[in-house]
Amino acid sequence: MSERKHNKTKNQEVSSEDEQELFEKVVHINRCAKVVKGGRRFSFAALVVVGDQQGNVGFGYGKAQMVPDAIRKGTDQAKKAMAPVSISGDTIPHPILGTYDGGKVLLRPARPGTGIIAGGGVRAVLEAAGVKNVLSKSLGSNNQLSVVTATLNGLSQLRTADQISNIRGEEVSGPAFTQISKTEEQVVVEEPAEANS
């Protein structure tokens, strides 16, 4: 019996080491009341966003009788739903309008130093994806679930200039601030050589 318990803890340690550090954020907790004969019964729903801040992001919606259980379920669901999104450096490759249900979210690339100009659910999704400079505007519903899903819908539609070039078979370039120029790459390579001489 003690050997089984020991093996279980060993397996849990190995899995936690393999799993990289993920960014988790609880966007919204909803309390739902059910009226019964003796009064009201409350249950909770938690909207959680999870990402590795390197282009993978997902969200989950967990429901339970207690808040910590709802958050745990939402986090597990979000980890399973993680999907890659295309980002160019610290920003997104091009403007996009994401829609889902009543939610509409406009995302636009921004120059370095701008930061994440977004609120609530949109900010959580962009931070989890690893975007550092972006402009956004929520145009539709204020429902957090719709806004988060619309943001993910927009991010999933993004394609980098390289991906579009491969599809079309011709050279396509995006805005200058979304890509590293060849002159900057040469300067970075040449600097160490000058330091040695």
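About the criteria used
Residues numbered from 1 in each chain as written. Predicted model: local features only at pLDDT ≥ 70, side-chain atom pairs only at ≥ 80, totals over all residues. Heavy atoms only, no water. pLDDT = per-residue confidence, 0-100. Contact = heavy atoms within 4.5 Å. Pairing = 2+ DSSP bridges. Helix = DSSP H or I, 4+ residues; strand = E, 2+ residues; numbered from the N terminus. Axes fitted to C-alpha atoms, helices over the stretch in contact; angles between N-to-C directions. Parallel < 35°, antiparallel > 145°, perpendicular 65-115°, else oblique. Left-handed = near helix turned anticlockwise from the far one by under 90°. Nonpolar A, V, L, I, M, F, W, Y, C, P; charged D, E, K, R; others polar.

Visitor: Would you mind going over the confidence of the model for the protein in detail, with residue names and values included?
Guide: Mean pLDDT over the protein stands at 83; residues scoring 70 or higher make up 81%. This model gives residues 8–18 a pLDDT under 50, and the stretch forms zero contacts once residues within four places in sequence are excluded. Here residues 181–191 is a poorly scored stretch, pLDDT under 50, and it has one contact once near neighbours within four places are set aside; other chains count.

Visitor: Residue-level account of the pairing of strand E5 (residues 96–100), with values.
Guide: Pairing analysis gives five bridges linking E5 to strand E6 (residues 103–109), with the strands arranged antiparallel. Paired with threonine 99 across the two strands is lysine 104, which belongs to E6. Between E5 and E6, which follow one another and run antiparallel, lie two residues, and aspartate 101 among them has a positive phi close to 55°.

Visitor: Run through the packing of helix H3 (residues 120–129) against helix H4 (residues 144–157), naming residues and quoting values.
Guide: At a minimum axis separation of 8 Å, H3 and H4 run at an interaxial angle of 40°. As summarised for this structure, H3 and H4 are arranged oblique, according to the angle between their axes. Here H3 runs over H4; the crossing is right-handed. Here Gly121, Val122, Val125, Leu126 and Ala129 of H3 lie close against H4, whose contacting residues are Gln144, Val147, Val148, Thr151, Leu152 and Leu155. Residues belonging to the contact of H3 with H4 are distributed by class as follows: eight nonpolar, three polar and no charged.

Visitor: Lay out the environment of leucine 126 with the relevant residues and their values.
Guide: Relative to the helices and strands, leucine 126 resides in helix H3. On a C-alpha basis, the gap between leucine 126 and leucine 152 in space is 8.9 Å, while along the polypeptide they are 26 residues apart. Residue contacts for leucine 126: discarding those within four places in its chain leaves Leu107, Ile116, Ala118, Val131, Val134 and Leu155.

Visitor: Describe the sheet that holds E5, listing the residues and the values that go with them.
Guide: Within a sheet, neighbouring strands are paired by backbone hydrogen bonds and run either parallel or antiparallel to one another. Taken together, the four strands give an open sheet; going across it, the order is E5-E6-E8-E7, and neighbouring strands pair in mixed fashion. The sheet terminates laterally at E5 and strand E7 (116–117), the two strands that pair on one side only. By the bridge criterion, five bridges tie E6 to strand E8 (residues 134–138) in an arrangement that is antiparallel. Looking across to E8, one finds that leucine 106 is bridged to lysine 137. H4 contacts E5, E6 and E8 of the sheet and is inclined by roughly 135° relative to E5.

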